[in-house]
Amino acid sequence: DSGVTQTPKHLITATGQRVTLRCSPRSGDLSVYWYQQSLDQGLQFLIQYYNGEERAKGNILERFSAQQFPDLHSELNLSSLELGDSALYFCASSVEQGPTSSYNEQFFGPGTRLTVL
Amino acid sequence: LAKTTQPISMDSYEGQEVNITCSHNNIATNDYITWYQQFPSQGPRFIIQGYKTKVTNEVASLFIPADRKSSTLSLPRVSLSDTAVYYCLVGGPVSGAGSYQLTFGKGTKLSVIP
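Rules used throughout
- Residues numbered from 1 in each chain as written.
- Chains lettered and ligands numbered in written order.
- Predicted model: local features only at pLDDT ≥ 70, side-chain atom pairs only at ≥ 80, totals over all residues.
- Heavy atoms only, no water.
- Phe/Tyr/Trp six-rings, centres within 6.5 Å; stacked < 30°, edge-to-face > 60°.
- Helix = DSSP H or I, 4+ residues; strand = E, 2+ residues; numbered from the N terminus.
- Buried < 20%, exposed > 50% of the residue type's maximum accessible area, 1.4 Å probe, protein only.
- Disulfide = S-S within 2.5 Å.

### Let's talk about the packing of aromatic side chains
- On inspection of all chains with the given rule, the structure shows seven aromatic pairs over all chains.
- When the centroid spacing of 5.2 Å and the interplanar angle of 35 degrees are considered together, the rings of Tyr35(A) and Phe108(A) count as tilted. Placement of the pair is Tyr35(A) in strand β4 (residues 31-38) and Phe108(A) in strand β10 (residues 107-108), with a sequence separation of 73 residues.
- Relative accessible area serves as the criterion here: at 0%, Tyr35(A) is assigned to the buried category.
- Pairing Tyr32(B) with Tyr51(B) gives two aromatic rings, centres 5.1 Å apart and planes at 55 degrees, and the pair type is tilted. Note that Tyr32(B) is positioned in strand β3 (residues 32-38) and Tyr51(B) in the loop between β4 (45-50) and β5 (53-56), a separation of 19 residues in sequence.
- Through a chain of ring-to-ring contacts, the aromatic side chains of Tyr35(A), Phe45(A), Phe90(A), Phe108(A), Tyr36(B) and Phe46(B) assemble into a single cluster.

Spelled out as structure tokens, the structure:
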């Protein structure tokens with residue numbers, strides 16, 4: 001158990017819909033990362049938040065957005081869903097020292113499996 | 001943005017040492033190299049991280065040559081439970097931007113044979 005929790009575990013929805021995935025980081029971790037994992041694209045970094053602020057952006061679509069709340073939990077919002085958005089979405093957390101520190105070990109949650117029909 | 005290349009798959013017999021190499025030709029000065037292990041239906045799990053030369057922990061070693069354009073994860077005496085996908089991650093702070101760039105490789109599927 002990494003200490004990172006994600007809800008829901010599974011989500012089935014239809015094209016055009018909007019969903020919200022939730023992540024609670026390990027106690028004390030200020031950074032939250034979101035990843036998408038699909039069979040053809042592998043593990044893709046989407047976005048990172050540190051203590052409520054966006055820190056880094058990867059291959060995140062404009063239809064997707066995220067935020068980190070004052071209690072440090074994070075939500076990933078996916079809208080106008082397409083069949084190709086079906087994937088495993090992972091959240092990870094880490095302790096961050098600051099923008100010039102070395103990259104820290106990330107602890108991954110169990111993931112949310114999204115199926116778009 | 002550092003791009004990484006790994007072999008798609010590897011087979012090994014139990015008890016052998018396995019070396020998995022990741023190429024990252026345009027690694028940036030501030031980038032670190034991290035390896036993760038992933039079992040089916042689970043999130044990746046940290047194995048080891050390094051910046052240059054050699055790093056060793058209780059489960060693996062990481063070799064990084066002086067030019068840092070590649071890295072090799074070494075797993076000593078693998079067992080059946082080491083069958084998993086291994087990912088190379090290159091990333092670090094973006095100088096002056098206060099943010100990070102993170103690039104995962106496509107992963108190497110290691111199959112350990114009895």
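### Details of the state of the cysteines
Residue and element names in this part refer to chain A.
- Tallied over the entire structure, the rule returns two disulfides over all chains.
- Each sulfur in the disulfide pair Cys 23 and Cys 91 lies 1.7 Å from the other. The disulfide joining Cys 23 to Cys 91 has a torsion of about -45 degrees about its S-S bond and is therefore left-handed. Of the two residues, Cys 23 is situated in strand β3 (residues 19-24) and Cys 91 in strand β9 (residues 87-94); the sequence distance between them amounts to 68 residues.

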